[in-house]
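# Structure at a glance
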Amino acid sequence: MKPQSPSPLSSLRSRVVAVAAAAAVLAGVAVTYTLQAAERAESADATSEFGLDRGKLYFRSTTEAAGRVARVPVSEDGGGGARTTGGPSCERFYAAAGTGLCLQRRAGIPPKSYAVVLDDRLREKRRIALTGIPNRARVSASGRMLSWTMFATGDSYAGSSFSTRTSILDTRTGYLIKNMEEIPLTLDGRRYHSPDVNYWGVTFAKDDNRFYATVSTKGKTYLVRGDMAKWSATALRSNVECPSLSPDNTRIAFKKRVRKGTRDPWRLYVLDLRTMREHPLAERHSVDDQAAWLDDDTLAYALPGADGRKQDIWTSRADGSGDPVLRVRGGSSPAAVR
Amino acid sequence: MYLATTDAVAKASEQEQSEARRGRVAGPVLALGAVSLVTDISSEMVTAVLPLYFVLQLGLSPLQFGFLDGLYNGVTALVRLAGGYAADRGGRHKLVAGGGYALSALSRLGLLLAGGATAGIGAALAADRIGKGVRTAPRDALISLSSPPDTLGRAFGVHRAMDTTGALLGPLAAFALLWATADAYDAVFVVSFCFGLLGVLMLVAFVPGHLSQVSLRPPRQDPERHRPAAARPRALALLRVPAFRRVLLAAALLGAATIGDAFLYLLLQRRLDFAISWFPLLPLGAAAVYLLLAIPAGRLGDRIGRRVPFLAGHVALLGGYVLLLAPTDGWPLLIGVLLLLGVFYAATDGVLMALVAPVVAQERRASGMAVLQTGQALARLVAAAGFGAAWTLWGVETALTCAVVALTVAVAGAAVLLPRSDTSSGGTS
């Protein structure tokens, strides 16, 4: 800086010193805070030694050890039960039998996402790089078939409509379908072609071949039944999103659009696959989640939390009776390992 | 009123004038450039991560975010006028600009404290935008008042180059922080606040507070006659100055034919079909070109008159539109469009301020710049809305063709409107 006249010159040095000192203090604050934040995050790997054990309810904790997988005993009642924390760090999590699926997201240029396959000790077995924002994750009852959905947009200004990419992984053969969009689809009895088809929320049957999923096209959502071996899909019914097949494979829990617009649009329903009759659950809040069956009678799902918590896990009876129960305070992505 | 009367200042003035001839810019301009650099690191850090923060951490939809963003950009236009007017009253440019910088810095703490509360985030965003709106015109007025008229282009070029350096570093710093802390957005806000506060302190310490200290121009160079009665600035009186009116009309006309960067990036993405995650990098490409060319464009304007680079910049933008219509593909298209967009900004942004400064009296400088910037911004808002509607109604090809025609007409109109002798060009040599 060039002094302009003798009078400010005398104070220029002191001003430089003052600003330099302030800069040093501010740099100290910035570095200290960042280091603390980095320490808080630590590694994404599990810190505690728990694996996928039967009779436990796994979930993503949003309070203690936020962002990590934790667990409580399935049998335990009430919301206050002690949880075991310190699992891997995941945006979405699901597990069944001896396989866990953890969707992660790492900041950077560009940001990266991963689907991480975990073994029965929650150790990493395989890592698949993806683009987009983790949205749904499912593991078939046997632990063989994995599926996940990513929002392809949302991290840009690229318009208001979202698009999804759903992948299916066969852990036995290692075969990965990165984007299931090309599956031949039959809608209203005819082979259907449209560039705007989007799939999400896959749920596998016991045979690890049949599956159900949501397909959306031209502003409507449909329940589709798919067949891995034949690689085909058939739309069964409209206004069904995020299907979840019951352990006995007779019913599907799903979210149904009951209101237009963005205010409280969804309600959870259960569809009986034999009669194709549906009924609502006792839960009256709008649920934007793929429900998880704890057993053949109970469904778990995440709702926005009370008291500033991000999310809570609630359960409702599948037959629509009773009242919803707050199951886990501060959690999402419920998965019961049976 | 704000004449340089003391010997010391007059001498400093001579010194600056001779330095200017040797290719340096005045101390206050460098100080303001440094303040802008640091402040832009602060603000672009937050801008870069906000969409991610909203959508990922808070679960707002992109639509909600877009709405908030658009709303506040509208507010900024009006606040800018108030900032310009307040700065001209009593020559409080530094005070008003400093207030704006401080408000934006404090808004980072607001984001931190708001947690997930939408109302709190809305308030913090509003504070940031108001701060940005308030400070811009007084800052540009300070730059123009600190520099001899024949070096204004270079002064604004240097300032914009420093400003853009900050804008480039900000997102890089933010993503590095997110990477290092595994998505600790609060760390981004805290570091951004520290940079913002440092910017305010630098402004307080190094930017002269009184116009009498910084004004280097003898009154005879004012095209508007110096009238003691005009000591109290009246913004509306500006519109009675024919030269100012013509610049304002030309800027608004060109602004109304500018479809907006977001659309250009979107068109690029559609044509090239690259992964959406690379989207945030596109503006960095254009900014790098802007950074490199801002000073040469300003110097060119000083030498041959500022209307030429200003018009040429818009011709470059026109070239970008044509390139998107042409059957170009792949890297040539990407590099071509980003290059032309960077040239457009380098040749128009600071240059317009240098173009308008000599036609507005010192005591109305901030108001004049505010009116011009607001006029341009509003025109661009209309253009973006119009282009969006045309895209929806007639498809992208037709909309783009319309934009090409509109911009061609606007450039021709502006060439007629802009005063030919915008400065005492050539007066120094």
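Residues numbered from 1 in each chain as written. Chains lettered and ligands numbered in written order. Predicted model: local features only at pLDDT ≥ 70, side-chain atom pairs only at ≥ 80, totals over all residues. Heavy atoms only, no water.

## Considering the overall build of chain A
Within chain A one finds one helix and 25 strands. Taken over 338 residues, chain A has a buried fraction of 51%. For chain A, the accessible surface area stands at approximately 15500 Å², while carbon and sulfur atoms represent 49% of it. (Helix = DSSP H or I, 4+ residues; strand = E, 2+ residues; numbered from the N terminus. Buried < 20%, exposed > 50% of the residue type's maximum accessible area, 1.4 Å probe, protein only. Areas by Shrake-Rupley, 256 points an atom, 1.4 Å probe, with all protein chains shown as cover.)

## Focus on the pairing of strand β18 (residues 251-257) of chain A
Residues and elements named next belong to chain A. The element β18 is largely enclosed, with a buried count of six among its seven residues. The sheet contact formed by strand β17 (residues 241-245) and β18 spans three bridges and is antiparallel. Across the sheet, residue Leu245 finds its bridge partner in β18, namely Ile252. Counted along the chain from β17 to the antiparallel partner β18, the turn is five residues long, and its residue Asn249 has a positive phi close to 65°. Here seven bridges tie β18 to strand β19 (residues 266-272), and the two strands are oriented antiparallel to one another. Paired with Arg257 across the bridge in β19 is Trp266. (Pairing = 2+ DSSP bridges.)

## With respect to helix α10 (residues 261-272) of chain B
Residue and element names in this part refer to chain B. Taking 1.5 Å of rise per residue, the 12 residues of α10 would be expected to cover 16 Å, and the 16 Å separating its terminal C-alpha atoms lies within 8% of that figure. Elements that come into contact with the buried residues of α10 comprise α11 (282-304), α12 (307-325), α13 (330-356), α14 (365-394) and α15 (396-417). A positive phi of about 55° marks Asp273, the residue just after α10. (Expected span 1.5 Å × (residues − 1). Contact = heavy atoms within 4.5 Å.)

## Regarding unusual backbone geometry
All names here are of chain A. Even without glycine at this site, Lys218 takes up a positive phi of about 50°. When you line up the elements, Lys218 lands in the loop between β14 (210-217) and β15 (220-227). In the Ramachandran plot, Ser333 falls in the positive-phi region, its phi being about 50° despite a non-glycine side chain. Checked against the element boundaries, Ser333 lands in strand β25 (residues 331-337). Since its relative accessible area comes to 6%, Ser333 is described here as buried.

## Here's the deal with a nonpolar patch on the surface
All names here are of chain B. Taken together, the side chains of Leu300, Ile304 and Val308 present a nonpolar region at the surface, about 230 Å² in accessible area. Checked against the element boundaries, Val308 lands in helix α12. With relative accessibility at 36%, the residue Val308 sits in the partly exposed group. (Patch = residues over 30% accessible without salt bridge, like charges linked within 9 Å, V, L, I, M, F, W, Y side chains within 5 Å. Salt bridge = Lys/Arg side-chain N within 4 Å of Asp/Glu carboxyl O.)

## Observations regarding the sheet that holds β18 of chain A
Within a sheet, adjacent strands bond to each other through the backbone by hydrogen bonds, running parallel or antiparallel. All names here are of chain A. Strand order across the open sheet formed by four strands is β17-β18-β19-β20, with antiparallel pairing between neighbours. Every interior strand has two partners, whereas the edge strands, β17 and β20 (277-280), have only one. Ignoring strand direction, the axes of neighbouring strands in this sheet form an average angle of 30°. (Axes fitted to C-alpha atoms, helices over the stretch in contact; angles between N-to-C directions.)

## Section: the pattern of salt bridges
All names here are of chain A. Overall, the coordinates contain 22 salt bridges over all chains when judged by the stated rule. Here Asp170 ties to Arg144 by a salt bridge, and the two come within 2.7 Å at their closest N and O atoms. Remark: Arg144 occurs in the loop between β7 (133-139) and β8 (145-151) and Asp170 occurs in strand β9 (residues 164-170); sequence separation between them is 26 residues. Looking at Arg144, the relative accessible area reads 21%, which means it is partly exposed. One salt bridge in this structure joins Asp319 and Arg317, with 3.7 Å as the shortest N-O distance. Among the residues examined, Asp319 registers a relative accessible area of 45% and is labelled partly exposed. Look at Arg317 and you get partly exposed, because its relative accessible area is 40%. Connected through salt bridges with shared partners, the residues Arg92, Arg136, Glu241, Lys255, Asp288 and Asp289 form a single ionic network.

## Structural notes on the environment of Gly301 of chain B
Residue and element names in this part refer to chain B. Relative to the helices and strands, Gly301 is located in helix α11. Here Gly301 falls in the buried class, since its relative accessible area comes to 0%. Taking the C-alpha atoms as reference points, Gly301 and Asp349, separated by 48 residues in sequence, lie 12 Å from one another. Gly301 has contacts with Arg306 and Pro309, leaving out every residue within four places of it along the chain.

## Describing the domain arrangement of chain B
Residue and element names in this part refer to chain B. Per the domain assignment, the segments of chain B are domain 1 (27-206) and domain 2 (238-417). The centre of domain 1, based on its C-alpha atoms, is set 22 Å off from the matching centre of domain 2. Listed by partner, the interface residues are 32 residues for domain 1 and 29 residues for domain 2. Summed over both sides, the interface of domain 1 with domain 2 buries roughly 2500 Å², with 69% coming from carbon and sulfur. Summed over the three residues of domain 1 that lose the most area to domain 2, namely Asp88, Arg160 and Leu168, the buried surface amounts to 20% of that side. Across the domain 1-domain 2 interface, the total number found is one salt bridge. Between Arg160 and Asp349 there is a salt bridge, with its nearest N and O atoms 3.3 Å apart. Inspection of the domain 1/domain 2 interface yields 10 residue pairs in polar contact (both at pLDDT 80 or more). For the side of domain 1 that touches domain 2, the secondary structure elements donating two or more residues are α3 (62-88), α5 (118-145) and α6 (152-181). Looking at the side of domain 1 that touches domain 2, the element that brings in the most residues is α6, giving 14 residues. The residue inventory of the side of domain 1 that touches domain 2, partitioned by class, reads 17 nonpolar, nine polar and six charged. (Domains from an automatic or database assignment. Buried area = accessible area lost by both parts, 1.4 Å probe. Polar contact = N/O pair within 3.5 Å; in protein donor to acceptor, adjacent residues only side chain to side chain. Nonpolar A, V, L, I, M, F, W, Y, C, P; charged D, E, K, R; others polar.)

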